[in-house]
Amino acid sequence: PNPFNPATEVSFTLPVDGHVKLSVFNVKGQEVDVIHEGFQSSGSHSYTWNASNMASGVYYVSLISGTKVKTMKAVLMK
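Thresholds applied
- Residues numbered from 1 in each chain as written.
- Predicted model: local features only at pLDDT ≥ 70, side-chain atom pairs only at ≥ 80, totals over all residues.
- Heavy atoms only, no water.
- Helix = DSSP H or I, 4+ residues; strand = E, 2+ residues; numbered from the N terminus.
- Buried < 20%, exposed > 50% of the residue type's maximum accessible area, 1.4 Å probe, protein only.
- Polar contact = N/O pair within 3.5 Å; in protein donor to acceptor, adjacent residues only side chain to side chain.
- Contact = heavy atoms within 4.5 Å.
- 1 Å grid on protein atoms, 1.4 Å probe; cavity = no way out; pocket = protein on both sides within 12 Å on 5 of 7 lines; lining within 4 Å.
- Points joined across faces, edges and corners; volume = space filled by probe spheres on them.
- Nonpolar A, V, L, I, M, F, W, Y, C, P; charged D, E, K, R; others polar.
- Phe/Tyr/Trp six-rings, centres within 6.5 Å; stacked < 30°, edge-to-face > 60°.
- Core = buried A, V, L, I, M, F, W, Y, C linked by side-chain atoms within 4.5 Å.

A. Spatial organisation of the side chain of H45. Mapping H45 onto the fold places it in strand β4 (residues 43-50). Taking relative accessible area as the criterion, H45 reaches 14% and is therefore assigned buried. A distance of 3.5 Å separates polar atoms of two side chains, one belonging to H45 and the other to Q40. For H45, the side chain forms a polar contact with the main-chain oxygen of S41, separated by 2.6 Å. Residues within four places of H45 in sequence aside, it is in contact with V10, S11, F12, L14 and Q40.

B. Examining the layout of surface pockets more closely. Empty space within the largest pocket amounts to approximately 220 Å³. Contributing to the lining of the largest pocket are F12, T13, L14, P15, V16, L63, S65, G66, K68, V69 and K70. For the lining of the largest pocket, the secondary structure elements donating two or more residues are β1 (7-14), β5 (57-65) and β6 (68-76). Split into classes, the residues belonging to the lining of the largest pocket amount to six nonpolar, three polar and two charged.

C. Quick look at the packing of aromatic side chains. Under the defined criterion, the tally for this structure stands at three aromatic pairs. Pairing F12 with Y47 gives two aromatic rings, centres 6.2 Å apart and planes at 15°, and the pair type is stacked. Here F12, found in strand β1, pairs with Y47, found in strand β4; they are 35 residues apart in sequence, far enough to count as distant. Residues W49 and Y59 carry aromatic rings whose centres are separated by 5.6 Å and whose planes lie at 70° to one another, so their mutual orientation is edge-to-face. Here W49 is found in strand β4, whereas its partner Y59 is found in strand β5, with ten residues between them in sequence.

D. Inspection of the nonpolar core at higher detail. L22, I35, W49 and V61 are the most contacted members of the largest nonpolar core, which has 16 residues in total. Every element with two or more residues in this core is listed here: β1, β2 (18-25), β5 and β6. Each residue touching I35, except ones within four places of it in the same chain, is listed here: V10, L22, S23, V24, Y47, T48, W49 and V61.

Laid out in structure tokens, this is it:
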């Protein structure tokens, strides 16, 4: 849910097995956190991003899987 404080759940479904990187970027495009990186089997997955050490603001959660990239906006309000 947006906005969130201090943690939010990120869910996704992969059609095939492969390496994924689930990371968080600030509005300047700088990577500020990596939620998960590694091999992931096909199917549904869910991770919790705990942003308690981050400043309030807009962040972008990016999922990279193979050649596909999916990004969602997350608003942290403390």
